[in-house]
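# Examination of the molecular architecture
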Amino acid sequence: MKTISKENKSVRDFIQVVLINNIGSLVETGNHYLGFGVQTQAIELIGAIIEDKAVENLQTSNPNSEFDTQRKSRRRFHNAIKLFSNPNYLNYCPELRTDVNYNVDFDLYENLRCGYAHQMRPLSKISVTTEPESVQDGTQHLVIDPLSNRLIIVSEILYRDLKEVCETVITMIDNGQINHTKPYGNFLGLISYS
């Protein structure tokens, strides 16, 4: 007769194994197109993890889950983007659509995150590429290409920036710097049969 065992993964473990290692393997093995989707989801998850408890309490939420909430996706994505060391990310992802700098055509949340989450492709005027293609084409990450008038997102650079943010959040968790219970508990339960 088989027995069931359960192993819990903490938020910290999940960030290290899934967001850093697994997404890194996806990008390193040339699965760039699929990698964009999980990278954008990882950005939003990071925003949920670092979310301040006082801000969270102001929002409508599901009492059964601190992660499952309504109308928070854009804010969470934006808050994670604020941790990126390259400030150009914020130019293309203001927190509010009413922001004077908001441009629907180049909105990373709407056209990259939502595009991949709902249609598995970038939308509007965002184009995705790889480092070798970008060099060959003469394009740059987070720069609007003057020939195509499209915002260029380079897979390997996005991943390196995401990895840096993940490492920052791991340090924040280790140092108890996040004002919420979410990063300090279990996140994923793995069941195995033996």
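Every value quoted in this text rests on a predicted model; they were computed, and no experiment measured them.

## A closer look at helix α2 (residues 32–50)
- The first and last C-alpha atoms of α2 sit 26 Å apart over 19 residues, in line with the 27 Å expected at 1.5 Å per residue.
- A large share of α2 lies buried, amounting to 15 of its 19 residues.

## A short note on the sheet that holds strand β2 (residues 126–129)
- Within the open sheet, the 3 strands sit side by side as β2-β4-β3. Their pairing is mixed. Pairing within the sheet leaves two strands with one partner each, and these edge strands are β2 and β3 (144–145).
- With 4 bridges joining them, β2 and strand β4 (residues 150–154) adopt parallel strand pairing. Looking at the pairing, valine 128 lines up with isoleucine 153 of β4.
- Packing of helix α8 (residues 155–174) onto the sheet brings it into contact with β2 and β4, and relative to β4 it is tilted by some 65 degrees.

## Brief notes about unusual backbone geometry
- Even without a glycine there, the phi angle at methionine 120 is positive, about 55 degrees.
- Its location among the elements puts methionine 120 in the loop between α6 (108–119) and β2.
- A positive phi angle, near 60 degrees, is found at leucine 142, a position not held by glycine.
- Along the chain, leucine 142 falls in the loop between α7 (131–137) and β3.

How each quantity is defined
- Residues numbered from 1 in each chain as written.
- Predicted model: local features only at pLDDT ≥ 70, side-chain atom pairs only at ≥ 80, totals over all residues.
- Heavy atoms only, no water.
- Helix = DSSP H or I, 4+ residues; strand = E, 2+ residues; numbered from the N terminus.
- Expected span 1.5 Å × (residues − 1).
- Buried < 20%, exposed > 50% of the residue type's maximum accessible area, 1.4 Å probe, protein only.
- Pairing = 2+ DSSP bridges.
- Contact = heavy atoms within 4.5 Å.
- Axes fitted to C-alpha atoms, helices over the stretch in contact; angles between N-to-C directions.

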